[in-house]
Amino acid sequence: MRTKTIRDLLATQPVLAGLDDGDLDLMAGCAHNEVLEAGVFIAREGEPADRFFVVRAGRVGLEIHAPTGPLVIETLGDGDLVGWSWIVPPHRWVYDVEVLERAHVVAIDAACLRDKCEADPAFGYRVMKRFAQVVAERLQATRLRLLDLYGTGDDG
Amino acid sequence: MTGEDGGVATVDDRARSPAGPMVPVRYRVTDRCVETADTVTLELAPVDEPVQDPAPGQFSMLYAFGAGEVPISISGCPTAQHGPRHTIRAVGATTRALCRLEPGSMVGVRGPFGAGWPVSIAEGADVLVVGGGIGLAPLRPVVHEVLAQRERFGRVGVLVGARTPADVLYPAELERWRSEAGFHVDVTVDVAARGWRGHVGLVTSLLDRLPIRRDRTTAFLCGPEIMMRIVAQDLIDSGTDPARILVSLERNMHCAVRLCGHCQLGPMFVCADGPVISWARAAPLLAVRRW
């Protein structure tokens, strides 16, 4: 049985659908596999966003510090992209990211991929479209949560 | 009785209550279970001749003497071990009064009213239950019914959305369901303190990971209308028949017998024609903007 390459793994991720074979080769050239244990922080608020992740299996939590202590504001799991700060200046993480359940991820070097995006604007545009889709979905989900759907109305 | 939109049951008004649908029957609170900081479940036993046994998805008008009357969904149908149960969230004067009732207290009951969940139409198919906030309460009897006839149903997905982990209803029961063969139970909250090992995010974020066959699924949804809308749309986009997506609507029910008109939604009275209707029927009604 042939061992799956990083490129094979990236090709199976729905979140990267729309990238062609050449695009995946370019991305795979900046990527490597990692296994992350629960409790490990893979990003800290304010630190350079020098990589991002595609979660193959497992779960991570995005956390923010509040006066009452750290709050988990989103969890991401199988097939999710973790991190888009790498693509937007000033390239710093906005949240802490903690591994909640042992995770198998593809970690992608942000500087490497940014350079490839700059060198090949068509490739960069396709990557940007994928990330714009993810950002748009998360913005929409955030707006819905801002409605406090499960909150109490004032009724009977 | 089969309804026009695919099997939604209806009940004859006159059969429900011995003294007629407008006269409360006295019940005594036999058990009070504190579910969350603002939500309790009351188990009742009749003092007078009882009302008709409710079906999953129906509601009662509960009368807190001296405070008022409100519609409350059945969260547990009567069994040999339990009387009818209602899960109540304290959001106003009457519900606060109901939530304060202790065992031995008296409450008035009218009902049961409305069309319930047509659980039988899911036989032979997968079942998806999505409850948001207090919306899990009317869905609990659906799961009970599926469990009671487990061999008749395929895979079962139960998704629960809540504000915080402390607001999740029936956590012990969710754990029991999780251990059932073929059951997949997931909980997501809007925000959590560190240490919460469940999901944080919209309930739709859990749908893609659910091992149910969308084109062979009957879905039962109850919760905020916006939540039901986005879940229904997600299901339709991936192949679920809108007629097999059932939603429970919440409107301002007062009389509960289609007289007062407070709960009118287009051509229907939610108290009698609902609260459970198919998404195929609900979607055009809910799409009407009110200016």
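If you're wondering where the values come from, they're calculated on a predicted model, not measured in any experiment.

## Side note on the overall build of chain A
Next up, step 1: The secondary structure content of chain A amounts to four helices and six strands.
Next up, step 2: Across chain A, helices and strands are ordered from the amino to the carboxyl terminus as α-α-β-β-β-β-β-β-α-α.
Next up, step 3: A principal-axis box enclosing the C-alpha atoms of chain A has dimensions of 60 × 35 × 30 Å.
Next up, step 4: Expressed as a percentage of its 156 residues, the buried residues of chain A come to 31%.
Next up, step 5: Of all intrachain contacts in chain A linking residues separated by at least 6 positions in sequence, the fraction that spans at least 24 positions is 75%.

## Some words on the overall build of chain B
Next up, step 1: Counting its regular elements, chain B contains six helices and 16 strands.
Next up, step 2: Here the C-alpha radius of gyration of chain B, 18 Å, is about what a compact globule of 291 residues would show, namely 19 Å.
Next up, step 3: Referenced to the eigenvectors of the C-alpha coordinate spread, the extents of chain B come out at roughly 50 × 45 × 45 Å.
Next up, step 4: The buried share among the 291 residues of chain B stands at 49%.
Next up, step 5: The contacts of chain B with a sequence gap of at least 6 include a subset with a gap of at least 24, amounting to 70%.

## Focus: the confidence of the model for chain B
One rule of thumb: low pLDDT means the predicted coordinates there are not for detailed reading.
All names here are of chain B.
Next up, step 1: Here chain B averages 91 in pLDDT, and 93% of its residues register 70 or above.
Next up, step 2: Low pLDDT, under 50, characterises residues 1-11; the stretch is placed with 28 contacts to residues that sit more than four places away or in other chains.
Next up, step 3: Complex prediction metrics read pTM 0.90 and ipTM 0.88.

## With respect to the pairing of strand E1 (residues 25-36) of chain B
Residue and element names in this part refer to chain B.
Next up, step 1: Examined bridge by bridge, E1 and strand E6 (residues 106-113) share four bridges and lie antiparallel to one another. When the sheet's bridge partners are listed, Arg26 is paired in E6 with Gly108.
Next up, step 2: Looking at chain direction, E1 and strand E2 (residues 39-46) are connected through eight bridges and run antiparallel. Looking across to E2, one finds that Tyr27 is bridged to Pro46.
Next up, step 3: The antiparallel pairing of E1 with E2 creates a hairpin that spans two residues between the two strands.

## Here we look at the nonpolar core
Next up, step 1: Counting 113 residues, the largest nonpolar core has Val60(A), Leu62(B), Val129(B), Leu221(B), Val247(B) and Cys271(B) as the members making the most contacts within it.
Next up, step 2: With seven residues, the single largest contributor to this core is strand E6 (residues 96-109) of chain A.
Next up, step 3: Sequence-distant contacts of Val129(B), defined by excluding residues within four places in its chain, comprise Leu139(B), Val142(B), Val143(B), Gly157(B), Val158(B) and Phe220(B).

## What about the sheet that holds E6(B)?
All names here are of chain B.
Next up, step 1: The strand order around the closed barrel built from six strands is E1-E2-E5-E4-E3-E6, with neighbouring strands paired in antiparallel fashion. Geometrically, the sheet is characterised by an average inter-axis angle of 45° between neighbouring strands, direction not taken into account.
Next up, step 2: Strands in contact with helix H1 (residues 93-100) are E2, strand E3 (59-64), strand E4 (68-76) and strand E5 (85-89); relative to E4, the strand with the most contacts, it is inclined by about 55°.
Next up, step 3: Contacting E4 and E5, helix H2 (residues 136-148) runs over the sheet at an angle of about 35° to E4.

## Considerations on the sheet that holds strand E7 (residues 126-132) of chain B
Residues and elements named next belong to chain B.
Next up, step 1: Here we have seven strands laid out as an open sheet, ordered E11-E9-E8-E7-E12-E13-E16, and mixed in their pairing. Each of the sheet's edge strands pairs with one partner strand only, and the pair in question is strand E11 (199-200) and strand E16 (276-278).
Next up, step 2: By the bridge criterion, six bridges tie E7 to strand E8 (residues 156-162) in an arrangement that is parallel. Counted as the bridge partner of Val127 is Val156 from E8.
Next up, step 3: Across the sheet, H2 touches E7, E8, strand E12 (217-222) and strand E13 (245-248), and the angle it forms with E7 is around 155°.

## Comments concerning the interface of chain A and chain B
Next up, step 1: With 24 residues of chain A at the contact, the number on the chain B side is 30 residues.
Next up, step 2: For the side of chain A that touches chain B, the secondary-structure elements that each account for two or more residues are strand E3 (51-66), strand E4 (69-76) and helix H4 (121-146) of chain A.
Next up, step 3: With seven residues, the top contributor of residues to the side of chain A that touches chain B is E4(A).
Next up, step 4: As paired strands, E4(A) and strand E10 (residues 192-193) of chain B are joined by two bridges and run antiparallel to one another. The residue bridging Leu71(A) from the neighbouring strand is Ala193(B), located in E10(B).

## A short note on the pairing of E3(B)
Residue and element names in this part refer to chain B.
Next up, step 1: For E3, the tally of buried residues reaches six of six residues, placing the bulk of the element in the interior.
Next up, step 2: The alternating pattern of E3 places Phe59, Met61 and Tyr63 and Ser60, Leu62 and Ala64 on opposite faces, both of which are buried.
Next up, step 3: Bridge analysis of E3 against E4 gives six bridges, and the strand direction is antiparallel. Bridged to Ala64 within E4 is Gly68.
Next up, step 4: Connecting the antiparallel pair E3 and E4 is a turn made up of three residues, with Gly66 showing a positive phi of about 85°.

Thresholds, definitions, all that
- Residues numbered from 1 in each chain as written.
- Chains lettered and ligands numbered in written order.
- Predicted model: local features only at pLDDT ≥ 70, side-chain atom pairs only at ≥ 80, totals over all residues.
- Helix = DSSP H or I, 4+ residues; strand = E, 2+ residues; numbered from the N terminus.
- Buried ≥ 20, exposed ≤ 12 C-beta atoms within 10 Å, placed from the backbone.
- Contact = placed C-beta atoms within 7 Å.
- Rg over C-alpha atoms; globule rule 2.2 N^0.38 Å.
- pLDDT = per-residue confidence, 0-100.
- Pairing = 2+ DSSP bridges.
- Core = buried A, V, L, I, M, F, W, Y, C linked by C-beta atoms within 7 Å.
- Axes fitted to C-alpha atoms, helices over the stretch in contact; angles between N-to-C directions.

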